[in-house]
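Architecture at a glance
So you can see what is in the structure, the chains are spelled out below.
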Amino acid sequence: MLVDIDTGKLIGLVKVILQIEVEKLMKNWGEEVLDKIEEVSIDMTGNYKNLVYRICPNAVVTVDRFHVTKVVHEELNQARISEKKTALELNVESREKIFNSLKGNKFTILKAENKLTEKQKEKLDKIREASPLIRIMHSLKEEFHYLFDKSEDLGVCLLGLIDWLKKAAPYYQKSVKTIKRWFGEIIGYFERKTTSGVVEGINNKLKLIKRSGFGFNNFRNFEIRALLSWHYDTRLAR
């Protein structure tokens, strides 16, 4: 999906997630349009960053903050799973304590602590007591959230993220490597606050279109139907 973030409208669809297909679609807009694009918000999959820099000479690339957070969450959850497996190798009393604390509590440790219910906070305390590793990683996750939620000054956020990377390196090795690789594009969020959150709503509407059409055998028909949903004023047909 290609979306105009300013208007929240769908502006393009490709059948398969291949860079060559995205490039073909965007080049059909013409150089005049591509030259006017100022910013592109993407996730960190594929090599779309280089594509944007290549065909949109005046655009900056910003990584969506929620996709950055997702990388951190995935690594924290993997640590939870690993801790649970390790618990099975301990003696009976310790195993029961750790296993019961970590079992089925994925969302308790991933959800922002200030949004937890009292019961969830109690569970979180048990998890942190049972696993020192999870306690440290959870604290770092909360610091990461705070950095993005309270971001105001670009310089302060830049230094804050650098400091977080140093502290997190022993615990979030995969996330730290990913963030360093996309550092410039992630920092761009602190300057412009751009996210592609609108895409989720568009994705849900596309699913509804597919269901209401009982599926589409022809991708072009689906593409036209989808684009009309955002660019055709139904009031004109009344």
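These lines cover the structure that appears in this document, whether it is placed above or below. (Residues numbered from 1 in each chain as written. Predicted model: local features only at pLDDT ≥ 70, side-chain atom pairs only at ≥ 80, totals over all residues. Heavy atoms only, no water.)

A word on the overall build of the protein
A tally of helices and strands in the protein yields 13 helices and four strands. Dimensions of the protein, computed from C-alpha atoms along their principal axes, come out at roughly 70 × 45 × 30 Å. Counting only residues that meet the buried cut, the protein has 39% of its 238 residues in that class. Across the protein, contacts joining residues at least 24 apart in sequence account for 60% of those joining residues at least 6 apart. Accessible area of the protein: about 14,700 Å², with a carbon and sulfur share of 52%. (Helix = DSSP H or I, 4+ residues; strand = E, 2+ residues; numbered from the N terminus. Buried < 20%, exposed > 50% of the residue type's maximum accessible area, 1.4 Å probe, protein only. Contact = heavy atoms within 4.5 Å. Areas by Shrake-Rupley, 256 points an atom, 1.4 Å probe, with all protein chains shown as cover.)

Details of the nonpolar core
Membership of the largest hydrophobic core comes to 48 residues, with the highest contact counts inside it found for L161, W164 and Y172. Looking at this core, the element that brings in the most residues is helix α8 (residues 132-149), giving six residues. Beyond its immediate chain neighbours, meaning those up to four positions away, L161 contacts F144, L147, I179, F183, I186, I187 and F190. (Core = buried A, V, L, I, M, F, W, Y, C linked by side-chain atoms within 4.5 Å.)

A short note on helix α7 (residues 118-130)
Over its 13 residues, α7 extends 19 Å from the first C-alpha to the last, a length consistent with the 18 Å expected when each residue adds 1.5 Å. Turning to α7, its buried residues are L124, I127, R128 and A130. Here the buried residues of α7 occupy an arc of 160 degrees about the axis, which is enough to place them on one side. Residues of α7 that are exposed and point more than 90 degrees away from the buried face comprise E118, K119, E122, K126 and E129. (Expected span 1.5 Å × (residues − 1). Arc of directions from axis to C-beta.)

Things to note about the pattern of salt bridges
Under the criterion given, the structure shown has 15 salt bridges. With a closest N to O distance of 3.3 Å, E191 and R192 form a salt bridge. A network of salt bridges, in which partner residues are shared, links E23, K27 and R54. (Salt bridge = Lys/Arg side-chain N within 4 Å of Asp/Glu carboxyl O.)

Description of the packing of helix α1 (residues 19-27) against helix α3 (residues 48-55)
For any two helices packed against each other, the geometry comes down to the angle between their axes and how far apart the axes lie. Relative to each other, α1 and α3 sit at 25 degrees, their axes nearing to 11 Å. One finds that α1 runs roughly parallel with respect to α3. Helix-helix and strand crossings are classified by hand; for α1 and α3 the assignment is right-handed. Contacts from Q19, V22, E23, M26 and K27 of α1 reach α3 at Y48, L51, R54 and I55. Considered class by class, the residues forming the contact of α1 with α3 number five nonpolar, one polar and three charged. (Axes fitted to C-alpha atoms, helices over the stretch in contact; angles between N-to-C directions. Parallel < 35°, antiparallel > 145°, perpendicular 65-115°, else oblique. Left-handed = near helix turned anticlockwise from the far one by under 90°. Nonpolar A, V, L, I, M, F, W, Y, C, P; charged D, E, K, R; others polar.)

Concerning the packing of aromatic side chains
Counted according to the given criterion, the structure contains eight aromatic pairs. Between F216 and F222 the ring centres are 5.3 Å apart and the planes differ by 50 degrees, which places this aromatic pair in the tilted class. The class of F216 is partly exposed, set by a relative accessible area of 32%. Judged by its relative accessible area of 11%, F222 falls in the buried class. Here the aromatic cluster, defined as three or more aromatic residues joined through ring pairs, consists of F144, F148, W164, Y172, Y189 and F190. Note that K49 overlies the ring of W182, its terminal NZ or CZ placed 4.3 Å from the centroid. (Phe/Tyr/Trp six-rings, centres within 6.5 Å; stacked < 30°, edge-to-face > 60°. Lys NZ or Arg CZ within 6 Å of the ring centre and 35° of its normal.)

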